[in-house]
Amino acid sequence: MESIKVHVCKQKGRTNLAMRYVDPESGKQVWKTSGTTNEREAIKAAAKWEAELREGRYMKASKVTWQEFRQQFELDVLDGLKPGTVLAYESTLNVFERKCKPGRLVELTTGKLTAFVTMLRGDGLTPATIARHLRTLKLAARWAHRQGLLNKLPEFAMPKQAKGMKGRPICGEEFDRMLEAGGAAWDFYLRGLWWSGLRLGESLDLRWDDAPGALVADFGGRRPMLLIPAESEKGNTHRTLPMAPEFAQLLATVTESERRGFVFKLPASVPRTRHAVCRRFAAIGEAAGVIAKQKPGVDDKGKPATVNQYATAHDLRRSFGFRWSRRVMPTVLRELMRHESIETTMRFYVGQNAEATADELWRVVEAGHGAEASQVANQVAGT
C-alpha cells in the first residue's frame, strides 16, 4: 500500500477540512472528514490515516463487515450530531440489522431492502415510518459508497404516502377528555402543546435557560419569544421565533424560582425520549377515547377490520394550527407553525378550512336574516 497518499483539502459545503486518497484498486477517490478546521491538526490526522492504510488495515469493499461499517459510520458521521439525530440513525440501523441480519456491508442490496420493506409492512408500520427508515439507510449507503466501502448503491423505492393530514385537529371537548385522562402529572404538558403548537421534539428540548441544542423560552424582550441558539442551527446563527400569546400566558403561571432547566418536566418513570413520550400521549388519547383517524387493518384473527388511531401529541399541534388559521393570514401562520414552505401551510391548514368557513358564512347569514335565511337554506337543501 505504498502508493496510498492522503491529502488534506477543503470540501464544498463542509466546515471541517477533508482528507482524501485514490483507491489503488478502483481508482476512485475516498473521502473522510478530518474532524477539524485547523490545517495543522488536519495534516496530522491525514498522516495517521495514511499510516493505518499502509500498515495493511486497508480492506476491500466486498470484505467490509456490517459491524466494521457501523463502527466507522458512528465515528466519522454520528459523532458530534444532535442526540435525537444519532438516535434516529441507530434505530434504523438496529432494525435493519435485526430483520435482515447482514454479515457484510455488501449485503445492503436492492433485494435485501425490498425484503426489509415487506417485513416492516408485515409488522404494521405506516408508510411514513417505512420511508423514514429508507431515507436513513439511503444516506448511510451513500456515505459508505463515497468512502469506498460499498461499490454499488442499492436502489430505493419509497412507499407512496397519502396526501393530507395523518390525523385531525381535535375540538375543545375532546381536549378536556384528554386532560382528565392524563391527570395532574400531564396537565401542564398537555396544555402547553395545545397552546404552543410545538412539535414533540421541540417541546422536549424547550428550556428556561440557554443550553446546547435547546429551544429557549425567553421573556426578556418586548414580547415573549422562542429562541434557538446559534450552536443549535446549521447556519450558526441565532433565530427568534414567535410565541403564541396563550402559551406565553401559560408559561407566566410558572414562578421565577421554578424557571430552571426543562420547561416540561416528566414523571420520573418516563424517559426523556420522543418514543417514550409519544407512546404516553397516545395512551392518553386512547384512554380519553379521542379517535383522530380510522384506517383499514386486520383484527387479532387476521380478518379485515377498521383500526382506530387515537389522538397524539401531534394532533394537538394540528389543533393549534387549525385554530390560528381562522385568525391570521397564511404568511403569519407559516411562521407561527415554523413551516419551511408556505405550500405546506396552505395545504394542511388553509386549504382544510372550506367546510368550517362555509359553516361560519351560513351562521352569520342566519343570525342576520332570520326566517329569510332559513328559507334560503331549505331551498338549497332541496336542490
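Above this text you will find the structure in question.
Bear in mind that the values here come from a model prediction, so they are computed numbers and not experimental data. (Residues numbered from 1 in each chain as written. Predicted model: local features only at pLDDT ≥ 70, side-chain atom pairs only at ≥ 80, totals over all residues. Heavy atoms only, no water.)

**Structural notes on the overall build of the protein**
Alright, step 1. Helix and strand content of the protein: 15 helices and nine strands.
Alright, step 2. Counting only residues that meet the buried cut, the protein has 36% of its 383 residues in that class. (Helix = DSSP H or I, 4+ residues; strand = E, 2+ residues; numbered from the N terminus. Buried < 20%, exposed > 50% of the residue type's maximum accessible area, 1.4 Å probe, protein only.)

**A short note on the pattern of salt bridges**
Alright, step 1. Throughout the structure, instances matching the rule amount to 14 salt bridges.
Alright, step 2. The closest approach of N and O atoms between Arg 70 and Glu 97, which form a salt bridge, is 3.0 Å. Within this pair, whereas Arg 70 is found in helix 2 (residues 66-78), its partner Glu 97 is found in helix 3 (residues 83-100), the two being separated by 27 residues in sequence.
Alright, step 3. The class for Glu 97 is partly exposed, based on a relative accessible area of 25%. (Salt bridge = Lys/Arg side-chain N within 4 Å of Asp/Glu carboxyl O.)

**Concerning the side chain of Arg 318**
Alright, step 1. The topology assignment puts Arg 318 in helix 11 (residues 313-325).
Alright, step 2. A residue is classified by how much of its surface remains accessible, and Arg 318, at 9% relative accessible area, is buried.

**Re the packing of helix 6 (residues 172-182) against helix 7 (residues 184-196)**
Alright, step 1. Put simply, helix 6 and helix 7 touch, their axes get as near as 7 Å, and they point 150° apart. By the angle class used here, helix 6 and helix 7 are roughly antiparallel. From helix 6, Gly 172, Phe 175, Met 178, Leu 179 and Gly 182 reach across to helix 7, where they touch Ala 184, Ala 185, Trp 186, Asp 187, Leu 190, Arg 191 and Trp 194.
Alright, step 2. Here the residues of the contact of helix 6 with helix 7 sort into eight nonpolar, two polar and two charged. (Axes fitted to C-alpha atoms, helices over the stretch in contact; angles between N-to-C directions. Parallel < 35°, antiparallel > 145°, perpendicular 65-115°, else oblique. Contact = heavy atoms within 4.5 Å. Nonpolar A, V, L, I, M, F, W, Y, C, P; charged D, E, K, R; others polar.)

**Looking at unusual backbone geometry**
Alright, step 1. Non-glycine residue Lys 101 carries a positive phi angle of around 50°.
Alright, step 2. On the secondary structure map, Lys 101 appears in the loop between helix 3 and helix 4 (110-122).

**Considering helix 5 (residues 127-146)**
Alright, step 1. Taking 1.5 Å of rise per residue, 20 residues should cover 28 Å, and helix 5 covers 28 Å from first to last C-alpha, within 8% of that figure.
Alright, step 2. What helix 5 keeps buried is the set Ala 128, Ile 130, Ala 131, His 133, Leu 134, Thr 136, Leu 137, Ala 140, Ala 141, Trp 143 and Ala 144.
Alright, step 3. Among the structural elements, helix 2, helix 3 and helix 4 are those in contact with the buried residues of helix 5.
Alright, step 4. Phi for Gly 148, located one or two positions after helix 5, is positive at around 80°. (Expected span 1.5 Å × (residues − 1).)

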